Amino acid sequence: MTVIDRTALDRLFYEARSQNGWQAGEVGDDQLKAAYEIAKWGPTSMNTQPMRLLFLRSAEAKERLRPAMSPGNVDKVMTAPVVALIAFDEAFYEQLPKVFPHNPDARAVFAGNEPLIKGTAFRNGTLQAAYFLLALRAVGLDAGPMSGFDPAKVQEEFFAGTTLRINFICGIGHGDPDKVYNRSPRLDFEEVASFL
């Protein structure tokens, strides 16, 4: 049934884990760029591509994030080689003439329609973020996505005065296998799917 081999599936899904701690080691800009170059090909509605990434490397940058983090996530952030603030741009539609050129009026579909802008930006930015997590795994990195933080504080500290909105935070590096929890159960197909 699958067209990619088990090794790839293990790396992306079966053996991959959300990380709670990190081994020492660098994450190169080339690795982050390679992951993005893979993830950017995932589908979004009208090719909107609203995800935006801000990578924090320095201790100073991570310290700016500390006050916004839930206590259980502080160490995950401070010890990660890279922390990604994964956001979405509510002005994504300004790029539509470039990314959706076969419809010259695409921008007008969104301009002034705040509910459509917000829903499209969040939904498609989240799709892209999921592609990016898988792409990080595909280039040999591990990811520790987290939502235990105060969005208003992150917004004010890093994105004030912009059209970017924080979605979630993700540590990136090489995970410490000693800090991974036992795998939790997943729901079966019959528990989540139905047919009409």
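Residues numbered from 1 in each chain as written. Predicted model: local features only at pLDDT ≥ 70, side-chain atom pairs only at ≥ 80, totals over all residues. Heavy atoms only, no water.

Undergrad: Just to check I follow, could you spell out helix H8 (residues 151-158) for this structure?
TA: Residues lying three or four places apart along an α-helix face the same way, a consequence of the helix completing one turn every 3.6 residues. Taken together, the buried positions of H8 are occupied by Val-154, Gln-155 and Phe-158. End-on view of H8: buried residues confined to an arc of 100 degrees, all on one side of the axis. Among the exposed residues of H8, those pointing more than 90 degrees away from its buried face are Ala-152 and Glu-156. The backbone nitrogen of Ala-152 has a side-chain oxygen 3.0 Å away, supplied by the residue at the start of H8, namely Asp-150. (Buried < 20%, exposed > 50% of the residue type's maximum accessible area, 1.4 Å probe, protein only. Helix = DSSP H or I, 4+ residues; strand = E, 2+ residues; numbered from the N terminus. Arc of directions from axis to C-beta. Polar contact = N/O pair within 3.5 Å; in protein donor to acceptor, adjacent residues only side chain to side chain.)

Undergrad: Please clarify how the pattern of salt bridges should be interpreted in this entry.
TA: When their charged atoms lie close together, side chains carrying opposite charge are able to pair. Per the counting criterion, the structure on display carries ten salt bridges. Across the pair Arg-6 and Asp-10 runs a salt bridge, and its minimum N-O distance is 2.6 Å. Here the residue Arg-6 and the residue Asp-10 both occupy positions in helix H1 (residues 6-14), the gap between them amounting to four residues, near one helical turn. Ionic pairing is found between Glu-63 and Arg-66, a salt bridge with its closest N-O pair at 3.0 Å. Take Arg-66: its relative accessible area is 35%, and that puts it in the partly exposed class. (Salt bridge = Lys/Arg side-chain N within 4 Å of Asp/Glu carboxyl O.)

Undergrad: I tried to follow the sheet that holds strand S3 (residues 142-146) on my own but got confused; where do I start?
TA: Strand pairing in a sheet takes place through backbone hydrogen bonds and is either antiparallel or parallel in direction. Taken in spatial order, the four strands make up an open sheet running S1-S2-S4-S3, and their pairing is antiparallel. The open sheet has two edge strands, strand S1 (51-56) and S3, and neither has a second partner. The mean angle between the axes of side-by-side strands here comes to 30 degrees, regardless of whether they run parallel or antiparallel. Bridge analysis of strand S2 (residues 82-89) against strand S4 (residues 164-173) gives eight bridges, and the strand direction is antiparallel. When the bridges of S4 are listed, Leu-85 appears paired with Ile-169. Running at roughly 95 degrees to S4, H8 makes contact with S1, S2 and S4 of the sheet. (Pairing = 2+ DSSP bridges. Axes fitted to C-alpha atoms, helices over the stretch in contact; angles between N-to-C directions. Contact = heavy atoms within 4.5 Å.)

Undergrad: How should the UniProt feature "domain: Nitroreductase" (unreviewed entry) in the protein be read in this particular structure?
TA: In the numbering adopted here, UniProt assigns the feature "domain: Nitroreductase" (unreviewed entry) to residues 27-174. Along residues 27-174 the backbone is 47% helical and 20% strand, and the end-to-end C-alpha distance reaches 8 Å. (UniProt positions renumbered as here; feature names shortened; annotations may be inferred.)

Undergrad: In this structure, what is going on with unusual backbone geometry? I would like to understand it.
TA: Excluding glycine, a negative phi dihedral is what most residues carry, and trans is how most peptide bonds are arranged. Its identity is not glycine, yet Asn-47 carries a phi of approximately 55 degrees, on the positive side. Assignment of secondary structure puts Asn-47 in the loop between helix H2 (29-39) and S1. Relative accessible area serves as the criterion here: at 28%, Asn-47 is assigned to the partly exposed category. Within the chain, Gln-49 stands out as a residue other than glycine whose phi angle is a positive 50 degrees. Along the polypeptide, Gln-49 turns up in the loop between H2 and S1.

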